[in-house]
Each structure stands twice: as structure tokens, then as C-alpha cells.
Amino acid sequence: MSEPTKHPTWGSLAERYETARPQRKLLALDGGGIRGIITLEILLALENQIKQKLGSGDGFRLSDYFDYIAGTSTGAIIAAGLSLGMSVQELLDFYVTKGEAMFDKAFLANMGKNFYTDKKLVRELETTFGNGTDLFLDKNKFRTLLLIVTMNRTTDSPWPISNNPLAKYNEPNRPDCNLKIRLSQLVRASTAAPVYFPPERLQWDPDDPKKTFVFVDGGMTPYNNPAFLLFRMATHPAYKLAWKTGEDRLLLVSVGTGSSASPGAYGNIADTLKSLPDNLMYSSLIEQDVNCRTFGCCAYGAEIDREIGDLVLPEEAIANEDREKRLFRYVRYNVDLSQEGLNTLKLNHIHSADVRKMDSVDFLDQLREVGKMAANQVKIAHLGKFV
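Below, the structure is looked at part by part. These figures come from a predicted structure and were not determined experimentally. Each chain has its residues counted from 1, following the order in which its sequence is written. pLDDT decides what is reported in this predicted model: residues at 70 or higher carry local features, side-chain atom pairs at 80 or more are listed and counted, and totals for whole chains, interfaces and linings draw on all residues regardless. The side-chain figures draw on all heavy atoms in the structure; neither hydrogens nor water molecules are used.

1. Quick word on the overall build of the chain
Step number 1: Secondary structure elements are defined from DSSP: runs of H or I of at least 4 residues count as helices, runs of E of at least 2 residues count as strands, and each element is numbered from the N terminus. Helix and strand content of the chain: 13 helices and nine strands.
Step number 2: Relative accessibility thresholds used throughout: buried, under 20% of the residue-type maximum; exposed, over 50%; partly exposed, between the two (1.4 Å probe, protein chains only). The buried share of the chain, reckoned over its 387 residues, is 55%.
Step number 3: Throughout, a residue-residue contact means that at least one pair of heavy atoms, one from each residue, lies within 4.5 Å. Residue pairs at least 24 apart in sequence account for 71% of intrachain contacts in the chain once pairs closer than 6 positions are excluded.
Step number 4: Using a 1.4 Å probe, accessible areas were evaluated by the Shrake-Rupley method; residue-level cover was limited to the displayed protein chains. Counting only carbon and sulfur atoms, one obtains 52% of the accessible surface of the chain, whose full area is about 16700 Å².

2. Observations concerning the packing of helix α4 (residues 74-83) against helix α7 (residues 183-190)
When two helices pack together, their arrangement is given by the angle between the helix axes and by the axis-to-axis distance.
Step number 1: Every axis in this analysis is a line fitted to C-alpha atoms, fitted for helices over the stretch in contact. Angles between the N-to-C directions lie between 0 and 180 degrees. Taken N-terminus to C-terminus, the directions of α4 and α7 make an angle of 155 degrees; their axes are 7 Å apart at the nearest point. For the element pair α4 / α7, the angle class is roughly antiparallel. As for the relative orientation of α4 and α7, their crossing is right-handed in sense. Between α4 and α7, the residues in contact are Ala 76, Ile 77 and Ala 80 and Leu 183, Val 187 and Ser 190, respectively.
Step number 2: For this classification, the nonpolar set comprises Ala, Val, Leu, Ile, Met, Phe, Trp, Tyr, Cys and Pro, the charged set comprises Asp, Glu, Lys and Arg, and every other residue, Gly included, is treated as polar. A class-by-class count of the residues in the contact of α4 with α7 yields five nonpolar, one polar and no charged. An angle below 35 degrees is read as roughly parallel, one above 145 as roughly antiparallel, one from 65 to 115 as roughly perpendicular, and any other as oblique. Here is the rule for handedness: rotate from the far helix to the near one, and if that takes an anticlockwise turn smaller than a right angle the crossing is left-handed, while a clockwise turn gives right-handed.

3. Remarks on the environment of Leu 145
Step number 1: With respect to the helices, strands and loops of the structure, Leu 145 is situated in strand β3 (residues 145-152).
Step number 2: In this structure, the C-alpha to C-alpha distance between Leu 145 and Ala 79, residues 66 residues apart in sequence, is 9.9 Å.
Step number 3: In this view, Leu 145 contacts Trp 10, Tyr 17, Asp 67, Tyr 68, Ile 69, Ser 83, Asn 163, Asn 164, Pro 165, Leu 241 and Trp 243; residues no more than four positions away in its chain are not counted.

4. What to know about unusual backbone geometry
Peptide bonds are, in most cases, trans, and in most cases residues other than glycine have a negative phi.
Step number 1: One non-glycine residue, Asp 156, lies in positive phi territory at about 55 degrees.
Step number 2: The topology assignment puts Asp 156 in the loop between β3 and β4 (157-162).
Step number 3: Phi angles above zero are rare outside glycine, and Lys 346 is one such case at about 65 degrees.
Step number 4: Along the chain, Lys 346 turns up in the loop between α11 (339-344) and α12 (352-356).

5. Some points on the environment of Tyr 239
Step number 1: Its place among the elements puts Tyr 239 in the loop between α8 (227-235) and β7 (250-255).
Step number 2: For Tyr 239, a relative accessible area of 24% corresponds to the partly exposed category.
Step number 3: Spatially, the C-alpha atoms of Tyr 239 and Pro 165 are 9.9 Å apart, while their sequence positions differ by 74 residues.

6. Overview of the nonpolar core
Step number 1: What we call a nonpolar core is a set of buried Ala, Val, Leu, Ile, Met, Phe, Trp, Tyr and Cys residues that are connected through their side-chain atoms within 4.5 Å. One finds Leu 27, Leu 43, Leu 82 and Val 253 to be the most contacted residues of the largest nonpolar core, which totals 69 residues.
Step number 2: Residue contributions to this core peak at nine residues, all from helix α2 (residues 36-54).
Step number 3: For Leu 43, the contacting residues outside a window of four places in its chain are Leu 27, Leu 29, Leu 62, Ile 78, Leu 82, Val 88 and Val 255.

7. With respect to the environment of Val 187
Step number 1: Note that Val 187 resides in helix α7.
Step number 2: Judged by relative accessible area, Val 187 falls into the buried class, the value being 0%.
Step number 3: Linking Val 187 and Ile 77, residues 110 residues apart in sequence, is a C-alpha distance of 6.1 Å.

8. Here's the deal with the pattern of salt bridges
Step number 1: Here a salt bridge means any side-chain nitrogen of Lys or Arg lying within 4 Å of a carboxyl oxygen belonging to Asp or Glu. Taken as a whole and assessed by the stated rule, the structure comprises 11 salt bridges.
Step number 2: The shortest N-O distance in the salt bridge between Arg 293 and Asp 289 comes to 2.9 Å. You can see Arg 293 and its partner Asp 289 sitting in helix α9 (residues 269-295), four residues apart, about one turn around the helix.
Step number 3: We classify Arg 293 as buried; its relative accessible area is 3%.
Step number 4: Assessed through its relative accessible area of 3%, Asp 289 is described here as buried.

9. Section: the packing of aromatic side chains
Step number 1: Stacked, tilted and edge-to-face are the three classes applied to pairs of Phe, Tyr and Trp rings, where Trp contributes its six-membered ring and a pair requires centres within 6.5 Å; stacked means planes under 30 degrees apart, edge-to-face means over 60, and tilted covers the rest. This structure, assessed with the given rule, holds 12 aromatic pairs.
Step number 2: Here the aromatic rings of Tyr 68 and Trp 243 are separated by 6.0 Å at their centres, their planes lie at 70 degrees, and the arrangement is edge-to-face. Here Trp 243 lies in the loop between α8 and β7 and Tyr 68 lies in strand β2 (residues 68-72), a separation of 175 residues in the sequence.
Step number 3: Here Tyr 68 falls in the buried class, since its relative accessible area comes to 1%.
Step number 4: Where Phe 94 meets Tyr 95, the ring centres are 5.9 Å apart and the plane angle is 75 degrees; that geometry is what we call edge-to-face.
Step number 5: Tyr 95 sits in the buried class, given a relative accessible area of 1%.

Structure follows, in C-alpha cells:
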């Protein structure tokens, strides 16, 4: 099946998406709380290198390059901002100046429910993504297709929500049309990490209270790393985009927030509850990464484990591959936050325990330092013929 050609609902995105193109480019961003700062430092290097290679001016944005951007949890905040045309530096400034406010300590009376209140988080999201009608997933407000991963606890199922106008639940005549949900609420739903933040309650159909659902962090789904999900939603006929696959036709760049295993037994109840979200996210992101390297043609990525290695193919091997057999070109940027990993980066002065936590707002400078070192991985050559 080829890409869709004419559709009346593409609006301002018509020129970019109505006509089939020989290449499409996807960007997927992991969850990980305030560690999104690491993601942004990596993206800043990527934005600068692509801009320089294309000879673009200061007005260049990653939304000019990537066609579909996905994010889970903190990645949803970044993905939404990028899709709206924000620069990476703008988003980095947002995290540095507002990060502590977003992780506002809950009042003592609320400690039996969550570690944090969501009031300041909601206010910052609404300020960043507009007010009133500006908050809706209106296609005319975006420069790219956007995917936000949420977890519907009412139905106990992952809910990936996109602004793709061809998607079944984005039909404008539906009373429960996804495009009628506010962007800030979707992002808030994707960032509602259990124990950390209260869940988000959304009424999907304003005339039907039965379609009111409770959402928690998208990282509680198998898609804390949304890369393989994004590939599927961009190419499978069920989602009606049906972009063409192939190593020379589809590029998928996946960016993490830093990761490391959490060995040892769980301690007290509070520590156990606070560790669970991070443990689940770590496990799921590894699985999605392996899927991408197996079905895609991996041009860059760190070692997965000692059995399968990194599954990276040298460029000469890629040239000799059956490009139709490999479904996409894949690049994975992340950083090992274990003490051994930090020491390897010559960051011995940074303690792993300080930067591994999703709420490490007291160590923003250290997170930025880790992010800048992780950004040294970025090489324009990894993108191959897509730039």
C-alpha cells in the first residue's frame, strides 16, 4: 500500500503529507522524568549537526527534518514541543528553569498517595502549550505528526494517541475524537508516573460520562521507549499512513534519558514503590531497542549485552544488505548511568545514585554534564543518505 494522496483533513500539513515521498524520518523519545535533560542535550547536538549539514539558518528546527515524532512521559513533553516548532534550546531552558517546579513536593497530607502534587506541572504544561483552544490536538497547530503514549488504567491498556487525521479515532465526526482532547492533558496523562504523580482523569466524549478514563504514565506500558511502536504506526495499513519501509526509505532515530539496571533486593515499602516505575521502564526500553535492531538496520547503538552485542552493521555491510529486507535504518542514542558507565565517560565525580532518579532536580548541573558527554555520540554519518 502506498502513502495516502489526497485527504481534506490534512489542513496546513497537506503539502508535507498528502503526497508520497521517497523518504520519511521518525524520532522517538524515551520516558525518564527530569532525566529528559539528557535527551535534550543529545537532541541539541543532533539539531546543530543537521542544521550545519543542510546549510540552514538559525530558524531551523528538528520539526523541519523529522516527519513523525513520538514521546512517552517526559519524552511526550519534548515531542510535543518539537512538533509545535520549538527549538531544542527552548525546551532545554524550560527543563532547567521549570524542572524543580514540575516536581513540586506534595503536602504531608498527600504523602500517603503520591510523592508529588501535579498542580505546578499542569500549570507549566498549560503555559508552554497554550490555553483554551490552543491546547487541542488540532493539526493546524503542528509542524509534524505527533504520537503521545499513555496508559489507560480504566481499560488496563496502552493508548497511543496521535494527530494523524487518517486514524480511525481521529475522524472529526466522532463524539470521542482524539483531536478534541487538550494537548496539555494528554501530556499530563503520559507523565503521571504512579507513586510520583496523581493519575489524570479525562472524559473522552463530553456527552457520555461512561467514556471517562483514568490515565497513568505511558512508561507503565511496554512503550517507555516508543521507537518500535512509532515504526508500526507509521507503516502498518491499520493506521492508514502506510509509509514505505526499507533501509533507504525510512529512518528511525531513538533517544533515551540514560539508563542502568537497579540490582539488589527491594528495601522498605517507600523505596520499593519509588523504584518500580524506573525498573519497569528499564526493562521495556531494552525490549523495544532489541526489536528495532532486529528488524531495522542498526547504524549506531551501544552494546545490549554480551550475548548479542550491539547488532550494529558497518556501512559497507549496510551497502551489501538487501535494503528491502531491513525495514528501516535505526540509530539509538543513550547513556549508561551506572557508576561504571559514568567512570568510562570520565565523570567519576558524579554519583550514579544522584542522576539515576527520575526526580533528581537537585542535580540538574550533573544531568546536563552527563547529557553533554552523551551528545558526543552524535555523528551526522549515522543518518546515512537521509541528510
